Amino acid sequence: MNVWIAIALTAVGCYLAKLLGLLVPAGVLERPLTRRLAALLPVALLAALTAQQTFGDGGQLTLDARGAGLAAAALALVLRAPFLVVVGSAVAVTAAVRALGPVLWGG
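None of the values given here were measured: they were computed from a predicted structure.

Considering the environment of Phe55
Relative to the assigned elements, Phe55 resides in helix α3 (residues 32-55). Apart from the residues within four sequence positions on either side, Phe55 is in contact with Gln60, Leu61, Thr62, Leu63, Gly67 and Leu70.

As structure tokens, then:
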């Protein structure tokens, strides 16, 4: 029953957030600061989510194969590689580090 209560509260919260966005006056949305924040906020949230999923494990900081994969993806982005190459390099490096980890570190 608690799950259904949580689902209902989440649905109501999402609806209210959408309604609040529709009630904002157009003048507020046209301000340069509001436009800049709307453009940068998704990037910041995605970066925070990526960092948390890569380096977080429960409540502690973890450095494992995911960090190497993220570094490979960052390098591919710096080299202006196509998106599929970025994702593929991250996958390949993560898999290689996971496969070679026990060999390299005696685990």
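There is more to say after this.
Looking at the packing of α3 against helix α4 (residues 65-78)
One way to put it is that α3 packs onto α4 with a least axis distance of 8 Å and a crossing angle of 140°. Considered as vectors, α3 and α4 are oriented oblique to each other. Only Arg66, Gly67 and Leu70 of α4 make contact with α3, whose side of the interface consists of Thr50, Gln53, Thr54 and Phe55. Split into classes, the residues belonging to the contact of α3 with α4 amount to two nonpolar, four polar and one charged.

Reading guide: rules and limits
- Residues numbered from 1 in each chain as written.
- Predicted model: local features only at pLDDT ≥ 70, side-chain atom pairs only at ≥ 80, totals over all residues.
- Heavy atoms only, no water.
- Helix = DSSP H or I, 4+ residues; strand = E, 2+ residues; numbered from the N terminus.
- Contact = heavy atoms within 4.5 Å.
- Axes fitted to C-alpha atoms, helices over the stretch in contact; angles between N-to-C directions.
- Parallel < 35°, antiparallel > 145°, perpendicular 65-115°, else oblique.
- Nonpolar A, V, L, I, M, F, W, Y, C, P; charged D, E, K, R; others polar.

Function-wise, these values are silent; they only describe arrangement.
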